[in-house]
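Survey of secondary and tertiary structure
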Amino acid sequence: MFRTLLATTVAAAALVSGAAFAATTFTANGGGSSLAAPTYIAEYQKITATYPQALFSYEAVGSGAGQNAFLNNDITQFENLGSGILTYGTIVGTTVHFGASDAYLVASQLTNPATGGYGLSNVDGPLIQLPTIGVGIAMAYNYPAITTLNLTDDQVCGILSGKLTNWSQVVPGASGTITVVYRTDGSGTSFLTTQHLNAVCNASNSNFPILPVPITKSFNTIFTNGVPPANFVGEDGSQAVATEGVAVPQSFTYLSPDYTDINPKSANTTSLQVAYVLNANDGVYYQPTVKNTETGLANPGAGSTNPTPPNTKTAAQDPLNWVPSIPVTTTGYPIVGYTTVLVSSCYANKTIGKIVSGWLNAQYFDRPYQAIIVNNGFAPLPNTAAAP
């Protein structure tokens, strides 16, 4: 299975040993994905409680800003944040040691004339792009009278394009305007959502002005002049989207499952309900539970790339080969992907290297950390070691 092999490969190619930390305190600065932020922060809290010298800072500025911060060693991406941004720790120094994104890197982001390849002249070593947790993007809604919502791809495309604007068009007997809450920032959640829309939306089931739907971190850009329909409301970050969705009756949004009612063990759970989405390939409706997300990730459908890890040294040296792209699945939940981290292959500061690699190894192999991932509704890698 891909995820088991991936974790084994990561262990064999670990940056440095994460078994112990030096007495001197250092902070690994990172940020990006707001989807993964509550999970990552809970893990950092656990590590720093055990190893006081292993400190982290994390700013949930969104996947796009997380990528930009790491690729350009731009600490300013993590500064002057709005009040709604989830943060952890304190930034120390000006170096960005890692980034996190639910959107995988594309070729244009890896061009670095200063080093002639995948190296980063302003960080320590050539970058590595690694999947860390498996994600199912929930189609969430706030309509308590609708206790069970089954959606087809046609309906998802209709709602998220503005073709379907009233609940009566989705559920017989329901009524009221559908207020779609979308991400205004550079978002990996938007990236994974539009990756699915790209595969399933067309002129008959949607009002998207550009078809196929562009795969993008900026959801508004799929509309004319960057302006979504009038029934759409934008927010920055997962937490703000969830808050808006809860506050607005009859709202609809795309969101990570830890901010919904599907995961009561999550510290971030809200009253937002979660729809069942039809997998057009097996004819079954699924919610993005951990099990259904794992099944979807293990069964990539048409148009998927990198379903298995690279099997040659040359291929393995290309960061583009390390993250699967899964627009649809043959069974299981159909809207899935991975949250990735961007790290250096080596760190001049060995303690920083140990902090980063220690965290990665904990995620892949330690049951207490995998329990955090599962409780937030995500799929740990490898899933064979997942906590119950």
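Residues numbered from 1 in each chain as written. Predicted model: local features only at pLDDT ≥ 70, side-chain atom pairs only at ≥ 80, totals over all residues. Heavy atoms only, no water.

**With respect to the nonpolar core**
Proteins that are soluble and globular tend to have nonpolar side chains buried together. Put simply, the rule reads: By nonpolar core is meant a set of buried Ala, Val, Leu, Ile, Met, Phe, Trp, Tyr and Cys residues that side-chain atoms within 4.5 Å join together. For every residue, the accessible area (1.4 Å probe, protein chains only) is compared with the maximum for its type, and the residue is labelled buried under 20%, exposed over 50%, or partly exposed between those bounds. By definition, any uninterrupted DSSP run of H or I lasting at least four residues is a helix, any uninterrupted run of E lasting at least two residues is a strand, and each is numbered from the N terminus. Any two residues whose heavy atoms approach within 4.5 Å are treated as being in contact.
Tyr-58, Met-139, Leu-160 and Trp-167 are the most contacted members of the largest nonpolar core, which has 91 residues in total. A per-element tally of this core places helix H9 (residues 350-365) first, with seven residues. Aside from chain neighbours lying at most four places away, what touches Trp-167 is Tyr-141, Tyr-143, Ile-146, Leu-149, Ala-174, Ser-175, Gly-176, Thr-177, Ile-178, Gln-250, Ser-251 and Phe-252. Core analysis: the second largest hydrophobic core is formed by seven residues, Ala-140, Val-181, Val-241 and Ala-242 among them.

**Details of the sheet that holds strand E13 (residues 284-286)**
The condition is simple: Should DSSP find at least two bridges between two strands, the strands are taken to pair.
The strand order across the open sheet built from three strands is E7-E12-E13, with neighbouring strands paired in mixed fashion. Of all the strands in the sheet, just strand E7 (150-151) and E13 have a single pairing partner and so form its edges.

**Considering the sheet that holds strand E8 (residues 179-183)**
Within a sheet, adjacent strands bond to each other through the backbone by hydrogen bonds, running parallel or antiparallel. Selection rule: Lines are fitted to the C-alpha atoms to define the axes, a helix being fitted only along its stretch in contact, and any angle between axes, read from their N-to-C directions, falls within 0 to 180 degrees.
Spatial ordering of the open sheet is given by E9-E8-E10-E6-E11, a layout of five strands whose pairing is mixed. Both outer strands of the open sheet, strand E9 (232-235) and strand E11 (273-274), are each paired with one neighbouring strand and no more. Bridging between strand E6 (residues 138-141) and E11 involves two bridges; their strand directions are antiparallel. The partner of Tyr-141 across the bridge, within E11, is Gln-273. Each of E8, E9 and strand E10 (251-255) touches helix H6 (residues 237-247); the most contacted strand, E8, lies at about 170° to it.

**Describing the packing of helix H4 (residues 153-161) against helix H5 (residues 188-200)**
What counts, and what does not: Crossings are sorted by hand: turned counterclockwise from the far helix by less than a right angle, the near helix makes the crossing left-handed, and turned clockwise it makes it right-handed. When residues are sorted by character, Ala, Val, Leu, Ile, Met, Phe, Trp, Tyr, Cys and Pro go into the nonpolar class, Asp, Glu, Lys and Arg into the charged class, and all the rest, Gly among them, into the polar class.
For the pair H4 and H5, the least separation of the axes is 10 Å and the interaxial angle reads 115°. Crossing of H4 against H5: the hand is left-handed. Along the contact surface, H4 presents Asp-153, Val-156, Cys-157 and Leu-160, while H5 presents Thr-193, His-196, Leu-197 and Val-200. Taken together, the residues of the contact of H4 with H5 sort by class into five nonpolar, two polar and one charged.

**What about the environment of Ile-47?**
Looking at where Ile-47 falls in the secondary structure, it is placed in helix H2 (residues 37-50). According to the relative accessible area criterion, Ile-47 is buried, its value standing at 5%. Linking Ile-47 and Ala-362, residues 315 residues apart in sequence, is a C-alpha distance of 8.9 Å. In contact with Ile-47, not counting residues within four places along its chain, are Ala-54, Phe-56, Trp-359 and Tyr-369.

**Examining the environment of Asp-318**
The condition that has to hold: Polar contacts, as counted here, are pairs of nitrogen or oxygen atoms within 3.5 Å of one another; within protein the pair requires one atom able to donate a hydrogen and one able to accept it, and residues that are adjacent in sequence qualify only if both atoms are side-chain atoms.
With respect to the element layout, Asp-318 can be found in the loop between helix H8 (313-316) and strand E14 (336-344). In this structure the C-alpha to C-alpha distance between Asp-318 and Gln-129, which are 189 residues apart in sequence, comes to 9.1 Å. Within the local environment of Asp-318, its side chain forms a polar contact with the backbone nitrogen of Leu-320, the two atoms lying 2.9 Å apart.

**Focus on the pattern of salt bridges**
Put simply, the rule reads: We define a salt bridge as a contact between a side-chain nitrogen of Lys or Arg and a carboxyl oxygen of Asp or Glu at a distance within 4 Å.
Applying the stated criterion across every chain, the model contains one salt bridge. The salt bridge partner of Arg-183 is Asp-185, with a shortest N-O separation of 2.8 Å. Like Arg-183, the residue Asp-185 is buried in the burial classification.

**Thoughts on the packing of H2 against helix H10 (residues 367-375)**
Angle between the axes and distance between the axes: these two values describe a pair of packed helices. To keep things clear, this is the line we draw: For classification, angles of less than 35 degrees are called roughly parallel, those exceeding 145 degrees roughly antiparallel, those between 65 and 115 degrees roughly perpendicular, and all remaining angles oblique.
Relative orientation of the contacting elements H2 and H10 amounts to 155°, with a least axis distance of 9 Å. One way to sum up the angle between H2 and H10 is to call them roughly antiparallel. As H2 packs across H10, the resulting crossing turns out to be right-handed. Between H2, through Thr-39, Ala-42, Glu-43, Lys-46 and Ile-47, and H10, the contact on the second element is made entirely by Pro-368, Tyr-369, Ile-372 and Ile-373. For the contact of H2 with H10, a count of residues per class yields six nonpolar, one polar and two charged.

**Focus on the packing of aromatic side chains**
How two aromatic rings sit relative to each other is given by the distance of their centres and the angle of their planes. Using the following cut-off: When two rings of Phe, Tyr or Trp (its six-membered ring) have centres within 6.5 Å they constitute a pair, described as stacked for plane angles under 30 degrees, edge-to-face for angles over 60, and tilted for the intermediate range.
Throughout the structure, instances matching the rule amount to 23 aromatic pairs. The interplanar angle of 50° and the centroid separation of 6.3 Å between the aromatic rings of Tyr-182 and Phe-232 together place this pair among those described as tilted. In this pair, Tyr-182 is assigned in strand E8 and Phe-232 in strand E9, connecting sequence segments 50 residues apart. As far as the burial class goes, Tyr-182 and Phe-232 line up, both buried. Both rings, one in Phe-219 and one in Tyr-254, keep their centres 5.2 Å apart while their planes meet at 35°; by these two values the pair is tilted. Of the two residues, Phe-219 sits in the loop between H5 and E9 while Tyr-254 sits in strand E10, which places them 35 residues apart along the sequence. Comparing Phe-219 with Tyr-254, the two get one shared label, buried.

**So, the confidence of the model for the chain**
Interpretation of the predicted coordinates at a detailed level should be avoided for regions scoring low in pLDDT. To keep it simple, the criterion reads: Confidence scores per residue from the predictor, reported as pLDDT, run from 0 to 100.
Here the chain averages 87 in pLDDT, and 88% of its residues register 70 or above. Taken together, the stretch residues 113-117 has pLDDT below 50 and engages in five contacts with residues farther than four places along the chain or on a different chain. Low pLDDT, under 50, characterises residues 384-388; the stretch is placed with 13 contacts to residues that sit more than four places away or in other chains.

**Quick word on the pairing of E10**
Burial runs high along E10: five of the five residues are buried. Because side chains alternate across E10, one face comprises the buried residues Ser-251, Thr-253 and Leu-255, and the other comprises Phe-252 and Tyr-254, equally buried. Relative to E10, E6 runs antiparallel, the two being bridged by four bridges. Paired with Ala-138 across the strands is Leu-255, a residue of E10. With three bridges joining them, E8 and E10 adopt parallel strand pairing. For Thr-179, the partnering residue across the bridge sits in E10 and is Ser-251.

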